[in-house]
Amino acid sequence: MARSGRRRGTAITIQAVAEHAGVSAMTVSNVINGTGKVGAATRERVRAAIAQLGYVPNLAARGLASAGIVRVGLIYDEPQSPFVSAMLIGALNMTSARGVQLMIRRQPDYSVAGAAESAAALVRSGANALLLMPPFAELLSGRPIVRELNVPLAAVATGGALPDASTVRIDDGAAAFAITELLIRHGHRRIGLIAGPENHSGSALRRAGYLAALEAHGLSADPSLQVPGNYLFDGGIIGARALLDLPDPPTAIFASNDDMAGGVVSLAQSRGVRIPEALEVVGFDDTPISRQLFPALTTIRQPITEMTEQATAALIDAVAHPGADPQDTILDYVLVERDSTGGCI
């Protein structure tokens, strides 16, 4: 039975209109605002649903979207993550410097549907550009939602360029090769890897760099020395336990980010395994935990704040000059050697 009429005391939402019309919420938003590409039949169906439900557009939000002010929307996941903190600082630095507003929305669900809904919600609230971090950039890129959003996108720390978003990143593969090679130069032949999550495009490149360094030095890639991880401290503990419980455990461990490396250090110390004397540990990102650990962590410095500043600047320019092709920018990384590998510079 078709629904009709507006329920007394209940505000009808865009999502309700979308469900009634059998279209996406972004399509409804495009019809209301006269943006995007919507077919005539779909447009009429949406208008009929609006009339039947008695939907009243949020004029304040529509005014924001049309006021000529740049509003950058940022989707983030874990609020306690050092990576997220560094991104927020970079976004705030650039938006403050350029007189732009920053809007943020938390999305803990790593799904296409969740990422799409958060992106659409930011746009409905007035954002006219979106800043994405892994894995949200990978979840949205190449999907119809990008066309429906009809705003420029920029992504930070992806594994490679994206077809529909500007990207600012480092060469994850080369950086992973360099830090694995450091361990090899220190004499290690059994080097464990705690990989990153598969939905982060950079994770595969870090693993590829690790494998390439082993091959370049004539070392075999033992599958038992490669365990999955999740970029969280607890993931490092789980990965380290799996590696150190092997009959022939590694003498060095490369954790694919600093949080997991912190978990490795914690577990090793709880077992009385001395670092770096009995086990060398390296991480990736150079977030604050790398300097707070004891011993301090050897890691790859990824300039997250600077990367985010550049990505935010690209978004602001894209709003001012619509139609420009997305750009892929690769910044330099730095291998920072500290006491977890026996050296300190």
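Here the residue numbers are simple positions, counted from 1 along each chain's written sequence. With pLDDT at 70 or above as the cut-off, local features in this predicted model cover only qualifying residues; side-chain atom pairs require 80 or more to be listed or tallied, and sums for whole chains, interfaces and linings still use all residues. Only heavy atoms go into the side-chain values, all of them from the structure, while hydrogens and water stay out.

1. Observations concerning the overall build of the protein chain
Secondary structure counts use DSSP, requiring at least four H or I residues in a row for a helix and at least two E residues in a row for a strand, with both numbered from the N terminus. What the protein chain contains, in helices and strands, is 14 helices and twelve strands. Looking at the protein chain as a whole, 52% of its 345 residues are labelled buried. Within the protein chain, residue pairs in contact and separated by at least 24 positions form 72% of the contacts whose partners lie at least 6 positions apart. Here the protein chain has roughly 15400 Å² of accessible surface; of this, 53% comes from carbon and sulfur atoms. Buried, partly exposed and exposed residues are distinguished by accessible area as a fraction of the type maximum, computed with a 1.4 Å probe on protein chains only: under 20%, between the cut-offs, and over 50%, respectively. Contacts: residue pairs with any heavy atoms within 4.5 Å of one another. Using the Shrake-Rupley algorithm and a 1.4 Å probe, accessible areas are obtained, with residue cover drawn only from the displayed protein chains.

2. What to know about the sheet that holds strand β3 (residues 129-132)
Strands pair in a sheet through their backbones, by hydrogen bonds, and they do so in one of two ways: parallel or antiparallel. Pairs of strands are assigned from DSSP output, requiring at least two bridges between the strands. Strand order in this open sheet of six strands is β2-β1-β3-β4-β5-β11, and the pairing throughout is parallel. Across the chains shown, the open sheet's two edge strands, defined by having one partner strand only, are β2 (101-106) and β11 (328-330). Strand-to-strand twist across the sheet, computed as the mean angle between neighbouring axes with direction ignored, equals 20°. Of the strand pairs in this sheet, strand β1 (residues 71-76) and β3 are connected by three bridges, and their pairing is parallel. For G73, the partnering residue across the bridge sits in β3 and is L130. Structural elements are reduced to axes, namely lines fitted to C-alpha atoms, with helices fitted over the stretch in contact, and the angle between N-to-C directions of any two is expressed from 0 to 180 degrees. Contacts from helix α5 (residues 82-97) reach β1, β2, β3 and β4 (153-156) within the one sheet, and its direction differs from that of β2 by about 160°.

3. Quick look at the pattern of salt bridges
Salt bridges are defined as contacts in which a side-chain nitrogen from Lys or Arg sits within 4 Å of a carboxyl oxygen from Asp or Glu. Tallied over the entire structure, the rule returns 14 salt bridges. In this structure, R169 engages D328 in a salt bridge whose closest nitrogen and oxygen atoms are separated by 2.8 Å. Residue R169 is located in strand β5 (residues 166-169), and its partner D328 is located in strand β11; the two are separated by 159 residues in the primary sequence. The exposure class of D328 is partly exposed, given its relative accessible area of 33%. Beyond isolated ion pairs, a larger network of salt bridges with shared partners links D286, R291, R301 and R338.

4. Quick look at the packing of aromatic side chains
Two rings from Phe, Tyr or Trp (for Trp, the six-membered ring) form a pair when their centres sit within 6.5 Å of each other. Planes less than 30 degrees apart are called stacked, planes more than 60 degrees apart edge-to-face, and all others tilted. A complete count under the given rule lists one aromatic pair for this structure. Where Y110 meets F136, the ring centres are 6.0 Å apart and the plane angle is 55°; that geometry is what we call tilted. You can see Y110 sitting in the loop between β2 and α6 (112-124) and its partner F136 sitting in helix α7 (residues 136-140), a full 26 residues away along the chain. Given the relative accessible area of 41%, Y110 is considered partly exposed.

5. Observations regarding the pairing of β2
Side chains on a regular strand alternate between the two faces of the sheet. Two strands pair when backbone bridges link them, and β1 and β2 are joined in this way by six bridges, in the parallel orientation. Residue pairing across strands places V72 opposite L102, the latter belonging to β2. With the strands pointing away from the viewer, any crossover whose connection runs clockwise from the first strand over the helix to the second is right-handed. What joins β1 to β2 is α5, and the crossover it makes is right-handed.

6. Overview of the confidence of the model for the protein chain
A residue-level look at the protein chain finds 88% of positions with pLDDT of 70 or above and a mean pLDDT of 88. This model gives residues 1-10 a pLDDT under 50, and the stretch forms 14 contacts once residues within four places in sequence are excluded. Per-residue confidence from the predictor is reported as pLDDT, a score between 0 and 100. This stretch, residues 58-66, has a pLDDT under 50; its non-local contacts, to residues over four places away or in other chains, come to eight contacts.

7. A closer look at the side chain of D258
Locating D258 in the fold gives a position in helix α12 (residues 258-270). Here Asp and Glu are counted as negative and Lys and Arg as positive; His is not counted, and neither are the chain ends. No salt bridge is formed by the buried D258. Its closest oppositely charged neighbour is R338, at 6.5 Å. A polar atom in the side chain of D258 sits 2.8 Å from the backbone nitrogen of F284. Sequence-distant contacts of D258, that is, excluding residues within four places in its chain, are made with G283, F284, D285, D286, T287, I289, S290, L297 and T299. In the analysis that follows, any N or O atom pair within 3.5 Å is treated as a polar contact, provided that within protein one partner can donate a hydrogen and the other can accept it, and provided that, for residues neighboring in sequence, both atoms belong to side chains.

8. Description of α6
Expected helix span is taken as 1.5 Å per residue step, with the number of steps being one fewer than the number of residues. Spanning 13 residues, α6 covers 18 Å between terminal C-alpha atoms, matching the ideal 18 Å at 1.5 Å per step. Every buried residue of α6 is accounted for by G114, A115, A116, S118, A119, A120, A121, L122 and V123. A positive backbone phi angle near 120° is found at G126, which sits one or two residues after α6.

9. Quick word on the sheet that holds strand β6 (residues 191-194)
Across the sheet, which stays open at both edges, the four strands sit in the order β7-β6-β8-β9 with parallel pairing between neighbours. Two strands bound the open sheet, and with one partner strand each, they are β7 (226-227) and β9 (280-282). The pairing of β6 with β7 spans two bridges and is classified as parallel. Among the inter-strand pairings, L193 is bridged to a residue of β7, identified as Q226. Sheet contacts for helix α10 (residues 201-216): β6, β7 and β8 (252-255); angle to β6, the most-contacted strand, approximately 170°.

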